[in-house]
Each structure stands twice: as C-alpha cells, then as structure tokens.
Amino acid sequence: MIGRTRGPWHTRRMDSTSQSARIVVLAGPSGVGKGTVVKQLKEWYPDLAVSVSATTRDPRPGEIDGVDYHFVTDEEFDRLIASDGLAEWALVHGLNRYGTPQAPLDAELARGRSVLVEIDLAGARQIRHSRPDAYLVFLAPPSMEELIARLSGRGTETFEEQQRRLATAREEMAARSEFDTTIVNTTVTHAARELAAILGLD
Ligand code: 5GP
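Worth saying up front: this structure is predicted, and the values here are computed from it rather than measured.

(A) Representation of the overall build of the chain in the model. Counting its secondary structure elements, the chain contains seven helices and nine strands. Per-residue burial over the chain gives 43% buried out of 202 residues. A fraction of 70% describes how many contacts in the chain between residues 6 or more apart in sequence connect residues 24 or more apart. Counting every atom, the chain has about 10,900 Å² of accessible surface; 51% of that belongs to carbon and sulfur.

Below you can see the structure in the form of structure tokens.
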C-alpha cells in the first residue's frame, strides 16, 4: 500500500457493503497527471481498492512488484491474454503492454467494493464495451496550452516530435465525449476530491 502521508481527517474506511459497487475508470490524455491524482487518493484512503496492472515494462527505481505494477515477461503477458486473465489490455506508446487483471476486479466487486482503474484511452474503450455498467471519468488538463507545456517537458524534443505529441494530445482530448464525466485537473487536491466523491468516499 502506498498510503504514507495520510491526513487524519482524510483517512476513512470504505463502506464494504456499498450497494453501488462499480468499476470507476480514470483515463485521459498522456501527461495529464492521472498517476499523481490516484497516488493522492491512495494516501487519503489507504483502503481504497485500486487495480494493480500487469505490465511488460521494466520497473522504475522505487517501484515495487505487486504494488505499483505486476511486472511480467512478454511470455507471461501472452499467457494472461490467452487465459482471459485480463479485463482489458493495450500497447502503450507503441512500447510496452499493460493490462488490468480480471480476477482481483471481480473479487472486489463481489465483496461490494468499487474499484478504481487507471488506464489509457484504448483500455477505457475496451472497458466501456465489455462492462457497460462501468463509470468512465476523463481527466482533462485546464487547457490545451497547459497540456502542451507539460508534454514538451524539458523542451529537448525535436520540432517533429513536438508536432506528433500535439497531434496525439488533440486526438486524445477528442475522446472526452465518450466518457460519463470530466474532471479538470486544475490542482491534484481538487481532482482527487472530485474523484473521491464519484467513488462515494466523501
Ligand atoms: P507508466 O509506464 O508511466 O506507469 O504508464 C504509462 C501509461 O500506461 C499510462 O497512461 C497509464 O494510464 C497506462 N496504463 C497503466 N496501466 C494500464 C492498464 O492496465 N491498461 C491500460 N490500457 N493502460 C494502462
């Protein structure tokens, strides 16, 4: 569990007998800050059920297997797909595969607990199709300019790379209408509070 700096007023147990247990998907354009918002929520609500994805990418320094991700080999990922072990999966940035393990998702829902799933847009579309009862939340940047500024990072990209990222960002922003609701990521605290309300935590 990642919850480290929980404020006493935020630490609350989830109602394990909730009647409205559902999958809540958080997606949005890359660079918008989904991971940071989820991390904040986990700190406030250590008991929150958050899906741990399987991925073929290598762990980054400090990441823990089974906590941040289930780090698997290509062969293991193939086996997960073949055994219908994933609720959705996608090749992200054309590099690595990421997927949502099916069994823990079903187990949490069977216990009456909502599950937060943070995935990319391709994954969100798959969940929309396979689980029409899921609630899809689009995390949007305050403005296109803000997203572009975040994407351009240190400004070391070539002009072509910047143009490619911009085109992708525009495409991703257009997906907003496919979602049940939008949270604008003005600040991490604001976005995390809105997400908490959707999850019935407030
Ligand atoms: P990172 O490698 O930076 O942790 O994540 C890269 C991207 O993969 C993020 O946009 C994240 O939302 C997405 N991602 C993480 N887990 C999953 C998953 O299980 N399924 C899908 N489709 N995307 C995921």
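Still more to cover.
(B) Structural detail: the pattern of salt bridges. As enumerated under the stated definition, the model contains 10 salt bridges in all. The partner of Arg97 in a salt bridge is Asp74, and the shortest N-O contact between them spans 2.9 Å. Taken together, the residues span a long stretch of sequence, with Arg97 in strand E6 (residues 96–101) and Asp74 in helix H2 (residues 74–82) at a distance of 23 residues. For the salt bridge of Glu178 with Arg125, the shortest nitrogen-to-oxygen distance reads 2.8 Å. Placement of the pair is Glu178 in the loop between helix H6 (159–173) and strand E9 (181–184) and Arg125 in helix H4 (residues 121–130), with a sequence separation of 53 residues. One network of salt bridges, with partners in common, ties together Asp74, Asp78 and Arg97.

(C) Helix H3 (residues 102–110), seen in detail. Of all the positions in H3, only Gln102, Leu105 and Glu108 are classed as buried. Around the axis of H3, the buried residues are gathered within 135° of arc, so they sit on the same side. Every exposed residue of H3 that faces more than 90 degrees away from the buried side is listed here: Ala103 and Ala110. Buried-residue contacts for H3 involve strand E1 (23–27), strand E2 (49–50), strand E5 (86–92), E6 and strand E7 (115–118). Positive backbone phi, approximately 85°, marks Gly112, located one or two places after H3.

(D) Quick peek at the confidence of the model for the chain. Of the residues in the chain, 89% have a pLDDT of 70 or more, and the chain-wide mean is 88. Across residues 1–18 the pLDDT falls below 50, and counting only partners more than four positions away or on other chains, this stretch makes 34 contacts in the model.

(E) Local environment of the nonpolar core. Ranked by size, the top nonpolar core spans 43 residues in total, and within it Val25, Leu41, Leu48, Leu116, Phe179, Leu195 and Leu199 carry the most contacts. What Leu116 contacts, discounting residues up to four positions off in sequence, is Val24, Leu26, Val38, Leu41, Leu48, Ala49, Val50, Ser51, Leu195 and Leu199.

(F) Structural detail: the packing of aromatic side chains. One pass over the full model with this rule turns up four aromatic pairs. Geometrically, the ring pair formed by Phe138 and Phe179 is edge-to-face, given 5.1 Å between the ring centres and 70° between the ring planes. Residue Phe138 is found in strand E8 (residues 135–140), and its partner Phe179 is found in the loop between H6 and E9; the two are separated by 41 residues along the sequence. We classify Phe138 as buried; its relative accessible area is 0%.

What counts, and where the lines are drawn
Residues numbered from 1 in each chain as written. Predicted model: local features only at pLDDT ≥ 70, side-chain atom pairs only at ≥ 80, totals over all residues. Heavy atoms only, no water. Helix = DSSP H or I, 4+ residues; strand = E, 2+ residues; numbered from the N terminus. Buried < 20%, exposed > 50% of the residue type's maximum accessible area, 1.4 Å probe, protein only. Contact = heavy atoms within 4.5 Å. Areas by Shrake-Rupley, 256 points an atom, 1.4 Å probe, with all protein chains shown as cover. Salt bridge = Lys/Arg side-chain N within 4 Å of Asp/Glu carboxyl O. Arc of directions from axis to C-beta. pLDDT = per-residue confidence, 0-100. Core = buried A, V, L, I, M, F, W, Y, C linked by side-chain atoms within 4.5 Å. Phe/Tyr/Trp six-rings, centres within 6.5 Å; stacked < 30°, edge-to-face > 60°.

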